[in-house]
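A look at the structure
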Amino acid sequence: MGKYYVTTPIYYPSDNLHIGHAYTTVVADALARYHRLLGDDVYFLTGTDEHGQKIQRRAEEAGKTPQAFVDEIVDNIKALWKLLEISNDDFIRTTESRHAERVQKIFQRLYDQGDIYKSEYEGLYCTPCEAFWLERQLVDGKCPDCGRPVEKVREESYFFRLSKYADRLMAHIEANPDFIQPVSRKNEMINNFLRPGLEDLCVSRTTFSWGIPVPFDQKHVIYVWLDALSNYITALGYPDETDAGSLFARFWPADLHLVGKEIVRFHTIIWPIILMALDLPLPKQVFGHGWLVLDGGKMSKSKGNVIDPVVLVEKYGLDAIRYYLLREVPFGADGVYSEEALVLRINTDLANDLGNLLHRSLSMVEKFAGGVVPAPGTYGPLEEALMTEANHTLEKVQNHMDKLEISDALAAIFALIGRANKYIDEAAPWSLNKQGNRERLGTVLYTMVEVIRLSAVLLTPFLVETPARIFAQLGLDTDPTAQGLVAGSKWGQYPAGTKVRKGEPLFPRIDWEKESCAEKEKPAPVPQPPQKATPPAVEPEQITIEEFAKIHLRVATVLAAEKIEGADKLLRLQVRLGNEERQIVAGIARYYRPEELVGKQIVVVANLKPAKLRGVLSQGMILAADDGDKLALVVPEKTMADGAEVR
Ligand code: MSP
């Protein structure tokens, strides 16, 4: 047992939040609940990042003061977390005085010790990302993160000496392999930002006013990222309350900052350097997860393709949504959101596997034992096998959760549930009943009920309503998770002689045909890994130049590459394609090692419909020649701009 401090990014209240934001927060919530059930001293922080030029502009457009503008959206965000039963211990708003005053003290200290100095900034700024860029970092003259135009700014500014700490940061990253995860993101930080060299960072602005004033120079407001990143310590009381017994002493350093991939840079370069300058320990881990995308692109209000979690919860129920978010996408990779996939998860995993297991088991307890669960007799080989699997499932869940493989942790629990369904078929209680074999029947019925109880205990960190509904139907009056996850998931705790209370099905099946009238779509073609060369049986059909022109081939640079666990042919590539970054799954693992690919330029089919390979989103396909023995990537013969067309 230890302590566990987990944070989400603090969200911009520039609009109501969508399912992508809910995704990060639900993951953080599952981790917090899991660690609480292990007996850890947990602190779970979330909040809102309310200052900056973007919010000021959005408020102006809405004809409101920035404060009134954010207050309204923050209320909606808090209501959303309540709806999703997020168990955060605190919610910090950067406009609260407890935060603003502490940020001023941090700024003052960095200035007093010479880490912040005054100069003039002339350069580029992306307002939607609130990020400064150098000319050489732009892609096609646009922001490399969001692809939108940048603005030229020239103003007196305070600067933070990032460059002074660059070597120390590099040494820290190298000495602590878990600091930046997944490893592809770590490589990206080293290759794209640290190796080319860090410039000092502009940390104040004078051309707008919606921010925390620099304490000794009121015409400046503090740069919104310095303001925002500090929330992770101001919320704990730093620098005012740091004595033994304070939240800060109890929880800092953070065990985990969960962040989306586009803000890993702020959390693994700027934030650690601020902490080094303040002489504070660094967070143990920053995990950069992928995005939930829609139709191949990021969700955004401006594209009009956001999915509202409130609507989904109303339509399908809270646990169905939580389950989908936690189970569907391997945490770390990008994933495609689709309502059809959500319904499939509900129908197969929740309604069929889990719901049916409970329903059929309780029906049999009612039919064969008058609704009272008998005491088990001697366990036979079938029970022994199931018990062994049940006892191993906790271990599997723990292994996966330690590595933030949330989806795999749930898969392990559902493997047990699947096994339990199979056990019923094998043990055939209906035959035992017919034969009048009461002792064996008692053992089987008890085993069925106990494996359900145990599975529900294991599901408790992830689902917030279902475990309690299951315990109630099992007739349990005391909460089996009260003793924690480890004690609660030990075999044999279901009190024999209990009367069950069969209720409504946990998850009614959903008729997707009916639900989907509006959105009948053919499934996406799956990009195939290169196949062995076989001469075509017939002459290939000729196509016109117009038909060929439909295929958009583009040059891209591989930013990161890694193996996909459990798929020995596949690599997951992160590539830069013009203004955007994409994830591509390619069947080339037998021919190329991941490290050989990083930095290489390749050719990709850019307008292929996104598809999933082994659950991992692929947003395109790479070109390679295949002669049956060897495989060779198609590469431009000289370096080209990323995104260049191939014709
Ligand atoms: N305010 C900054 C974070 C400051 S932390 C000190 C910010 N806010 S944000 O509202 O734009 O994004 C917050 C988080 O939501 C980011 O981690 C981002 O990656 C995540 N997501 C936004 N859209 C998302 C998806 N479509 N899918 C998954 N996560 C998404 O950045």
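The structure presented is a predicted model; accordingly, all values stated were derived computationally and were not measured.

**Let's talk about the overall build of the chain**
- Looking only at helices and strands, the chain features 22 helices and 26 strands.
- A compact globule built from 647 residues would reach a C-alpha radius of gyration of about 26 Å, and the chain, at 27 Å, matches this within 12%.
- Here the C-alpha coordinates of the chain stretch approximately 90 × 75 × 50 Å along the principal axes.
- Going through the 647 residues of the chain one by one, you find that 56% of them count as buried.
- Sequence-distant contacts in the chain: of pairs separated by 6 or more residues, those separated by 24 or more amount to 76%.

**Some points on the site of the ligand**
- Near the ligand lie 23 residues; those nearest to it are I10, D49, G260, E262 and L292.
- Contact distances for the ligand include 2.8 Å between a nitrogen atom and a backbone N or O atom of I10.
- With respect to the ligand, the backbone of G20 contributes an N or O atom lying 3.3 Å from a nitrogen atom.
- For the ligand, the protein covers 95% of the area, taking 660 Å² as the surface of the free molecule.
- Among the secondary structure elements, those contributing two or more residues to the shell around the ligand are α1 (19-37), α7 (224-229) and β12 (256-260).
- Here the shell around the ligand is composed, by residue class, of 13 nonpolar, 7 polar and 3 charged.

**Some points on unusual backbone geometry**
- Residues Q181 and P182 are joined by a peptide bond in cis, for which omega reads -10°.
- Note the cis peptide between Y238 and P239, where omega equals 0°.
- With respect to the element layout, P239 can be found in the loop between α8 (231-234) and α9 (247-251).
- In this structure, E85 is a non-glycine residue whose phi angle is positive, near 55°.
- Tracing the sequence through the fold places E85 in the loop between α3 (66-83) and β3 (90-93).
- Classification of E85 as partly exposed rests on a relative accessible area of 35%.
- Notably, A428 is not glycine yet its phi reads approximately 45°, a positive angle.

**A look at the nonpolar core**
- Formed by 112 residues in total, the largest nonpolar core has its most connected members in L31, W81, L84, L258, Y316, F462 and L474.
- Take this core: its biggest share by element is 14 residues, from helix α13 (residues 339-369).
- Look past the residues within four positions of L31 in its chain and what remains in contact with it is Y4, L256, L258, M401, L404 and I406.
- The next biggest cluster of nonpolar side chains, apart from the first, holds 77 residues, and it includes L45, L124, I222 and Y223.

**Overview of the sheet that holds strand β2 (residues 41-48)**
- In space, the 6 strands of this open sheet follow the order β3-β2-β1-β12-β13-β7, with parallel pairing throughout. In this open sheet, the two strands that pair with only one neighbour each are β3 and β7 (180-181).
- Two strands pair when backbone bridges link them, and β12 and strand β13 (residues 286-289) are joined in this way by 4 bridges, in the parallel orientation. Considered in β13, the bridge of V259 is made with G288.
- Contacts from helix α10 (residues 264-277) reach β7, β12 and β13 within the one sheet, and its direction differs from that of β12 by about 135°.

**What about the domain arrangement of the chain?**
- Splitting the chain by domain gives domain 1 (338-488) and domain 2 (545-646).
- When each unit is reduced to the centre of its C-alpha atoms, the spacing between domain 1 and domain 2 is 43 Å.

**Description of the packing of aromatic side chains**
- Under the definition given, this model contains 26 aromatic pairs.
- Centroid distance Y23 to F331: 5.9 Å. Interplanar angle 65°. Geometry classified as edge-to-face. Placement of the pair is Y23 in helix α1 and F331 in the loop between α12 (318-328) and β16 (335-336), with a sequence separation of 308 residues.
- What links up through ring pairs into an aromatic cluster is the set Y5, Y43, Y232, Y238, F248, F251, W252 and W271.
- A cation over an aromatic ring shows up here: R205 above the ring of Y125, its NZ or CZ 4.2 Å from the ring centre.
- When the ring centre of W291 is taken as origin, the NZ or CZ atom of K261, which lies over that ring, is 4.5 Å away.

**A few points about the environment of L571**
- Residue position: L571 is located in strand β18 (residues 567-577).
- Distance from L571 to D49, taken between C-alpha atoms, is 36 Å for residues 522 residues apart in sequence.
- What L571 contacts, discounting residues up to four positions off in sequence, is E562, K563, I564, I584, V585, A586, I588, A589, Y592, P594 and L597.

**With respect to the pattern of salt bridges**
- All told, the structure shown has 44 salt bridges when counted by the stated rule.
- Residue R360 is joined to D425 by a salt bridge in which the shortest nitrogen-to-oxygen separation is 2.7 Å. Here R360 is found in helix α13, whereas its partner D425 is found in helix α15 (residues 406-427), with 65 residues between them in sequence.
- Since its relative accessible area comes to 46%, D425 is described here as partly exposed.
- When the shortest N-O distance is used, the salt bridge between R593 and E595 registers 3.3 Å. As far as burial versus exposure is concerned, R593 and E595 are alike and both exposed.
- Among the ionic contacts, a cluster of salt bridges with common partners joins R102, K105, D240 and E241.

**Quick look at the pairing of β18**
- Judged by how many residues are buried, β18 sits mostly within the fold: 9 of 11 residues are covered.
- The pairing of strand β17 (residues 553-564) with β18 spans 7 bridges and is antiparallel. Counted as the bridge partner of K563 is L571 from β18.
- Summarising the sheet, β18 and strand β19 (residues 580-586) pair through 7 bridges and their orientation is antiparallel. Note on β19: the bridge partner recorded for V575 is R582.

**Some words on a nonpolar patch on the surface**
- The grouping of I543, I545, F548 and I551 at the surface amounts to a nonpolar patch, some 370 Å² of accessible area in total.
- Positionally, I551 belongs in the loop between α21 (545-549) and β17.

**Some points on helix α6 (residues 183-194)**
- Here α6 spans 15 Å end to end across 12 residues, near enough to the 16 Å set by a 1.5 Å rise per residue.
- Buried within α6 we find S184, R185, K186, E188, M189, I190, F193 and L194.

Rules used throughout
- Residues numbered from 1 in each chain as written.
- Predicted model: local features only at pLDDT ≥ 70, side-chain atom pairs only at ≥ 80, totals over all residues.
- Heavy atoms only, no water.
- Helix = DSSP H or I, 4+ residues; strand = E, 2+ residues; numbered from the N terminus.
- Rg over C-alpha atoms; globule rule 2.2 N^0.38 Å.
- Buried < 20%, exposed > 50% of the residue type's maximum accessible area, 1.4 Å probe, protein only.
- Contact = heavy atoms within 4.5 Å.
- Near = heavy atom within 4 Å.
- Polar contact = N/O pair within 3.5 Å; in protein donor to acceptor, adjacent residues only side chain to side chain.
- Areas by Shrake-Rupley, 256 points an atom, 1.4 Å probe, with all protein chains shown as cover.
- Nonpolar A, V, L, I, M, F, W, Y, C, P; charged D, E, K, R; others polar.
- Core = buried A, V, L, I, M, F, W, Y, C linked by side-chain atoms within 4.5 Å.
- Pairing = 2+ DSSP bridges.
- Axes fitted to C-alpha atoms, helices over the stretch in contact; angles between N-to-C directions.
- Domains from an automatic or database assignment.
- Phe/Tyr/Trp six-rings, centres within 6.5 Å; stacked < 30°, edge-to-face > 60°.
- Lys NZ or Arg CZ within 6 Å of the ring centre and 35° of its normal.
- Salt bridge = Lys/Arg side-chain N within 4 Å of Asp/Glu carboxyl O.
- Patch = residues over 30% accessible without salt bridge, like charges linked within 9 Å, V, L, I, M, F, W, Y side chains within 5 Å.
- Expected span 1.5 Å × (residues − 1).

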